[in-house]
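In case you want the letters, here they are:
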Amino acid sequence: MTENEKNPGPPSVYAKEPVSATRRAALAGAGVAGVALAAFGAAATYNAAEHKESTPTSLTGKDAVPFFGEHQPGITTEVQDRMHFAAFKLTTTDPDEVKSLLKKWTEAARKLMAGELIGEVTSQEAPPKDTGEAQDLSAAHLTLTFGFGRSFFVDEKGKDRFGFKSKMPEALIEIPKMTGDMLEAARSGGDLCIQACADDPQVAVHAIRNLTRIAFGTATIAWSQLGFGRTASTSQKQVTARNLFGFKDGTNNLKVEDPELLTKHVWATAQNSPGHKEWMTGGSYLATRRIRMIIETWDRAPLREQEDIVGRTKIEGAPLSGGTEFTTPDFGMQGRKGPIIPTDSHMRLMHPDQNNGVQMLRRGYNYTDGTDGMGHLDAGLFFIAYVCDPRTHFVPLLSAITKSDAMAEYLRHTGNALFAVPPGVKDANDFIGSGLWEK
């Protein structure tokens, strides 16, 4: 939904290894233990020491993303190939239990992103702490990003849930109902969220699975979404990806190479987000929309109509006013029937020049969830955007796309959520959202 005129340059090539050093060491240890048990026979006494995982010497390998930092990983990180997004509902009423969960999640997230198992084997009579399906896989550039929904702070009647109502940022609003919304409660909202992105889908799913196990008794999954095929780039090293309509998506997305623009449009501060709370400094707001694409109808539309709806050529991704993908569009150029870039085209409506310079950092993914029972694909875009304030940087653009965009005829918005994403975890003594507990 945003545009950028900078050439992203050549694609990034990750140096992949099938097995990280940490996991390889863990597997080797497990293999030695297995041989020893076999030698002693089935009646051999279990020795927990033989099953302890090796201690990692480094938290960042060639395919691991650093966990600690000013901002959470998974925002400006180069967008990975796969995603598993999960929203959680808290089942406890005790803020101390919430704090304990966030501390456990913090430690587990650090290990998961480093490519480590999240716990040692201590007994054959108890379930293993790590479910194990990723133990022979690399870290796969896994990032885990955590957020707090409005319902974490107040209930539907505005009542304080855990004693943090006074710390709820004013920007954490209820997204207004939009034209044509077909939102499903089972795909919307949430008290907490986790965005897991990785280059291996099993690594991302493993992370959500194990963080969900840790939350047992305190929180449960409200809804989740799998995604494949990024629909945006966050670095000039990455090429522009395509959505399921076959067009290049997010040509003008914000990039990590533009720190001034990130400060202006992504990171929440008192200057760019009225009603800001100090615990959110260095954080951002994560907006999601599950947007189903009416694939079958779109596929029957003539190419000229598709390009007029998007405002760009399908193959090159150039604006209809001419040039290449990164040529500045000429919105004043006239054709035989009016503006060469139609006034209701998606690119025109979403371009910063048409929105007071407002930009978003997109991290969306394609999705396919089978069929709808009537022979139609349930497929589309799981839209994700990070903004400094949804009131100025998300809601106005969402209103434009649902009310005036010619593409709206081919879209159905079925899910919706907004989360406050706190700053990054500073060090081993810190934890996710710790600022909420500071006086």
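Quick look at the structure, then. (Residues numbered from 1 in each chain as written. Predicted model: local features only at pLDDT ≥ 70, side-chain atom pairs only at ≥ 80, totals over all residues. Heavy atoms only, no water.)

**Some remarks on the pattern of salt bridges**
Stage number 1. Within this structure, the stated rule accounts for 15 salt bridges.
Stage number 2. Between arginine 391 and glutamate 170 there is a salt bridge, with its nearest N and O atoms 3.9 Å apart. You can see arginine 391 sitting in helix α9 (residues 390-393) and its partner glutamate 170 sitting in the loop between α3 (150-153) and β3 (192-198), a full 221 residues away along the chain.
Stage number 3. Linking aspartate 372 and arginine 292 is a salt bridge whose minimum nitrogen-to-oxygen distance equals 2.9 Å. In this pair, aspartate 372 is assigned in the loop between β9 (365-371) and β10 (377-387) and arginine 292 in strand β5 (residues 284-293), connecting sequence segments 80 residues apart.
Stage number 4. A relative accessible area of 17% means that arginine 292 is categorised as buried.
Stage number 5. In the salt-bridge network here, residues are joined through shared partners; they are Glu107, Arg110, Lys111 and Glu116. (Salt bridge = Lys/Arg side-chain N within 4 Å of Asp/Glu carboxyl O. Helix = DSSP H or I, 4+ residues; strand = E, 2+ residues; numbered from the N terminus. Buried < 20%, exposed > 50% of the residue type's maximum accessible area, 1.4 Å probe, protein only.)

**Topic: the nonpolar core**
Stage number 1. Among the nonpolar cores identified, the biggest contains 81 residues, and Trp105, Leu144, Phe152 and Phe153 are the most heavily contacted of them.
Stage number 2. Among the elements that take part in this core, helix α2 (residues 95-114) stands out by supplying eight residues, more than any other.
Stage number 3. The residues touching phenylalanine 152, leaving out its near neighbours within four places in the chain, are Leu90, Val98, Arg161, Phe162, Phe164, Asp191, Leu192 and Leu436.
Stage number 4. Within the second largest apolar cluster, 22 residues are counted, among which are Phe85, Cys193, Tyr365 and Ile384. (Core = buried A, V, L, I, M, F, W, Y, C linked by side-chain atoms within 4.5 Å. Contact = heavy atoms within 4.5 Å.)

**Examining the packing of aromatic side chains**
Stage number 1. Taken as a whole and assessed by the stated rule, the structure comprises 19 aromatic pairs.
Stage number 2. The interplanar angle of 40° and the centroid separation of 6.0 Å between the aromatic rings of phenylalanine 153 and tryptophan 279 together place this pair among those described as tilted. Highlighted residues: phenylalanine 153 in helix α3 and tryptophan 279 in the loop between α5 (259-265) and β5, separated in sequence by 126 residues.
Stage number 3. Under the relative-accessibility criterion, phenylalanine 153 is labelled buried at 0%.
Stage number 4. Between the aromatic rings of phenylalanine 247 and tryptophan 298, the centroid separation amounts to 6.1 Å while the plane-to-plane angle is 75°, which identifies the pairing as edge-to-face. Highlighted residues: phenylalanine 247 in the loop between β4 (219-230) and α5 and tryptophan 298 in helix α6 (residues 295-299), separated in sequence by 51 residues.
Stage number 5. Counting every residue linked through ring pairs, the aromatic cluster contains Phe148, Phe152, Phe153, Phe162, Phe164, Trp279, Phe431 and Trp437. (Phe/Tyr/Trp six-rings, centres within 6.5 Å; stacked < 30°, edge-to-face > 60°.)

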